[in-house]
Structure formats: structure tokens, C-alpha cells
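Observations on the three-dimensional arrangement
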Amino acid sequence: MSSFPQAAARAAVGELLGEIRRHFGESVETNIYDPRCFFWFFDLVRFNIRAEPTWIFEGKVLFRGVPSWDELRKKMDALLLC
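The rules behind the values
- The numbering scheme is per chain: residues are counted from 1 as the chain's sequence reads.
- Two thresholds apply to this predicted model, a pLDDT of at least 70 for residue-level local features and 80 or more for giving and counting side-chain atom pairs, whereas whole-chain, interface and lining totals are computed over all residues.
- Where side-chain values are given, they derive from all heavy atoms of the structure, hydrogens and water being excluded.
- Remark: nonpolar core denotes a set of buried residues (Ala, Val, Leu, Ile, Met, Phe, Trp, Tyr, Cys) joined through side-chain atoms within 4.5 Å.
- The cut-offs for exposure are 20% and 50% of the maximum accessible area for each residue type, with area from a 1.4 Å probe on protein chains only; residues under the lower value are buried, those over the upper are exposed, and the others partly exposed.
- Only DSSP runs of H or I with at least four residues qualify as helices, and only runs of E with at least two residues qualify as strands; both kinds are numbered from the N terminus onward.
- Residue contacts are defined here by distance: any two heavy atoms, one from each residue, within 4.5 Å place the two residues in contact.
- Following DSSP output, two strands are said to pair if at least two bridges run between them.
- Multiply 1.5 Å by the residue count of a helix minus one, and that product is the helix's expected span.
- Arc definition: it is the arc formed by the directions from the helix axis to the C-beta atoms.

**Some remarks on the nonpolar core**
- Membership of the largest hydrophobic core is limited to 12 residues, which are V13, L16, I20, F24, V28, W55, F57, L62, F63, W69, L72 and M76.
- Counting only elements with at least two residues in this core, the list comes to helix 1 (7-24), strand 1 (54-57), strand 2 (60-64) and helix 3 (69-81).
- In terms of residues, this core owes the most to one element, helix 1, which gives four residues.
- Not counting residues within four places of it along the chain, the set of residues in contact with V28 comprises I20, R21, F57 and M76.

What follows is the structure, encoded as C-alpha cells:
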């Protein structure tokens with residue numbers, strides 16, 4: 001796995017997706033967009049998505065990169081309460 005680019009980031013993203021499912025259940029839909037796929041072209045341009053993980057919630061970019069679970073949960077909770 002050490003030769004695989006961004007292996008640690010992808011594993012961390014997987015863990016965060018599991019935490020999102022456990023905390024929010026079915027009330028939050030998650031999608032993964034691969035920037036190499038042109039099907040998502042307009043979203044990739046609109047949110048300026050490159051190779052790093054980009055967290056978008058309710059149409060807003062929350063983070064670029066991999067945040068901690070507490071940081072991500074707090075921002076998502078704040079937007080859900082609005």
C-alpha cells in the first residue's frame with residue numbers, strides 16, 4: 001500500500017464516511033466524485049475539486065483534505081441546525 005498515492009488519506013476518508021453513517025444515519029446522503037470522471041464535470045469545476053478530498057455539505061465546501069471527525073461533525077451539525 002505504501003506505493004499507492006494517497007493511501008492514508010483514502011483510508012481516513014473511509015473511516016469518516018463510516019462515522020457520518022453512524023452519527024447521521026439515513027438522513028445524510030454521501031457521494032464520492034472521482035475528478036478523473038467527466039460525468040461530474042460541472043460539480044468539479046463549481047467546487048474546484050482536484051486530487052485532494054473535498055468535503056461539500058449543503059452546497060458549501062467545508063474542508064479540503066481530511067479533517068478530524070470532531071471538526072467535520074461540528075460543521076455538519078451547525079449547517080443542519082440552520
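**Observations regarding the pairing of strand 2**
- Both strand 1 and strand 2 contribute to a ladder of four bridges, which runs antiparallel. Each bridged residue has a counterpart across the sheet, and for I56 the counterpart in strand 2 is V61.
- Linkage of strand 1 to strand 2, two consecutive antiparallel strands, is achieved through a turn of two residues, within which E58 is found at a positive phi near 55 degrees.

**Some details on unusual backbone geometry**
- A positive phi angle, near 55 degrees, is found at N48, a position not held by glycine.
- Its location among the elements puts N48 in the loop between helix 2 (41-46) and strand 1.
- According to the relative accessible area criterion, N48 is partly exposed, its value standing at 38%.
- Positive phi values are uncommon outside glycine, yet E58 reaches one of about 55 degrees.
- On the secondary structure map, E58 appears in the loop between strand 1 and strand 2.

**Focus on helix 3**
- Compared with the 18 Å implied by 1.5 Å per residue over 13 residues, the 18 Å span of helix 3 between its first and last C-alpha is a close match.
- What helix 3 keeps buried is the set W69, L72 and M76. Along the long axis of helix 3, the arc covered by the buried residues comes to 70 degrees, so they all point the same way. Within helix 3, the exposed residues directed more than 90 degrees away from the buried face are K74 and L81.
- On the buried face of helix 3, the contacting elements are helix 1, strand 1 and strand 2.

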